[in-house]
Amino acid sequence: MDLSERKRKILKAIIENYIETAEPVGSKLLAAAAKGSVSSATIRNEMSELEEMGYIEKPHTSAGRVPSPLGYRLYVDELMNRCRTTAREIEQMRRALENKIQELDDTMEEASAILSELTGQPTVSLSSRHNRRQVKRLELIPIAESNYALVAVTVPPAVNNKVVHLSQALEPEEIDAFCRAANLVLAKEGGSLRLEELGQSVPPGSPLYQLIAQAAEFVWQIEQPSDAYDMVVKGVSRLLGNPEYYDAQKAQPLLELLGDKEKVFGLARDYKPQMLNIRIGPENGQGPMEDASFVFTSYDLGEDVSGIIGVIGPTRMDYSKIASRLLLLSRTLGGLMPIRFPQEQTGPDKKDQ
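Residues numbered from 1 in each chain as written. Predicted model: local features only at pLDDT ≥ 70, side-chain atom pairs only at ≥ 80, totals over all residues. Heavy atoms only, no water.

This next bit is on the packing of aromatic side chains. Under the counting rule described, the total for this entry stands at 3 aromatic pairs. Ring centres of Tyr271 and Phe296 lie 6.2 Å apart, and the angle between their planes is 75 degrees; on these two criteria the pair is classed as edge-to-face. In this pair, Tyr271 sits in the loop between helix H10 (261-267) and strand S9 (277-280) while Phe296 sits in strand S10 (residues 292-302), placing the two residues 25 residues apart along the sequence. A connected cluster of aromatic rings, assembled from ring pairs, spans Tyr271, Phe294 and Phe296. (Phe/Tyr/Trp six-rings, centres within 6.5 Å; stacked < 30°, edge-to-face > 60°. Helix = DSSP H or I, 4+ residues; strand = E, 2+ residues; numbered from the N terminus.)

Structure, rendered in structure tokens:
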């Protein structure tokens, strides 16, 4: 069911007032803000219908209403104004990052700290470093009798070795012939995939055939891509500054989650790259994130390093402000993917306070 324009305005006012005050919102407050254009009774009726539709809820101890996860979702997708960042803010962000970031490994550490400071909420950065190696040269060194050390030199620079056992020793000229042929193949594009084909020119089961088979498997194992995962969490103590988490016992499960890399990675499942992802309350699954939200985007820093960075806080968080700060961070880093809002707003921009 589509909401009338008046219901949409009332829902928007309830959410923005609740974000600001953390107090349930009543019809008298909204009527006062409307300055007589809408009566308190009319607003009360509209709020009753919004409650029946599931967009707002009534706390047990208050006559006012608070947004539901469904209400927040409509607000984020359709009602929220975009915050505007100034040229001064952009320059301040650029200078802060330039002054603090010395190496690639520092980038998301410092960016996460800056984002937490700007938003007043905990931030998480999840990075994946894709390790890809290509074998460029093989050497075979006799050890004893029919045992040899097979040495592989890779790009990026690294040396790997493996002891190979053959049924009998090779002649020196066979060793030289193997190394020359293998390195000629490896010098070509995709040569490592064709290394095993060298065995087609020697008798099956021969020591040289055994060597080629073991060398091909060794190179294949080295060149298998691998990923290293890291997590950076900043501003955890800021969570306790939200009224929802004044009670340390209530905050404890979420604090523990922020220290669990596997669970935090799970929150970012099935995200939309190059988009601002906003997961509200139950959209994060069961557990402590049912009452929290996760706003994040993806990034790509080059050098095979990519991941996500975002903010975790109560569902009452200021989505517009946090989204704008995340967008500012993305643009400033430059290497990050550009962010698009799930739905572009055509209404007036909301000025930062």
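The subject of this paragraph is the sheet that holds strand S7 (residues 158-165). With respect to topology, 3 strands assemble into an open sheet ordered S5-S6-S7, the strand pairing being antiparallel. Strand pairing shows two members of the sheet lacking a second neighbour, strand S5 (134-144) and S7, which therefore form its edges. The sheet shows a mean angle of 20 degrees between the axes of neighbouring strands, taken without regard to direction. The sheet contact formed by S5 and strand S6 (residues 147-155) spans 9 bridges and is antiparallel. Opposite Arg137, over in S6, you have Val153 as the bridge partner. Helix H7 (residues 172-186) contacts S5 and S6 of the sheet and is inclined by roughly 170 degrees relative to S5. (Pairing = 2+ DSSP bridges. Axes fitted to C-alpha atoms, helices over the stretch in contact; angles between N-to-C directions. Contact = heavy atoms within 4.5 Å.)

Our next topic: the pattern of salt bridges. Tallied over the full model, the rule gives 11 salt bridges. Across the pair Glu283 and Arg73 runs a salt bridge, and its minimum N-O distance is 2.7 Å. Of this pair, Glu283 sits in the loop between S9 and S10 while Arg73 is found in helix H4 (residues 69-79), placing the two residues 210 residues apart along the sequence. On the basis of relative accessible area, Glu283 is assigned to the partly exposed category, the value being 33%. (Salt bridge = Lys/Arg side-chain N within 4 Å of Asp/Glu carboxyl O. Buried < 20%, exposed > 50% of the residue type's maximum accessible area, 1.4 Å probe, protein only.)

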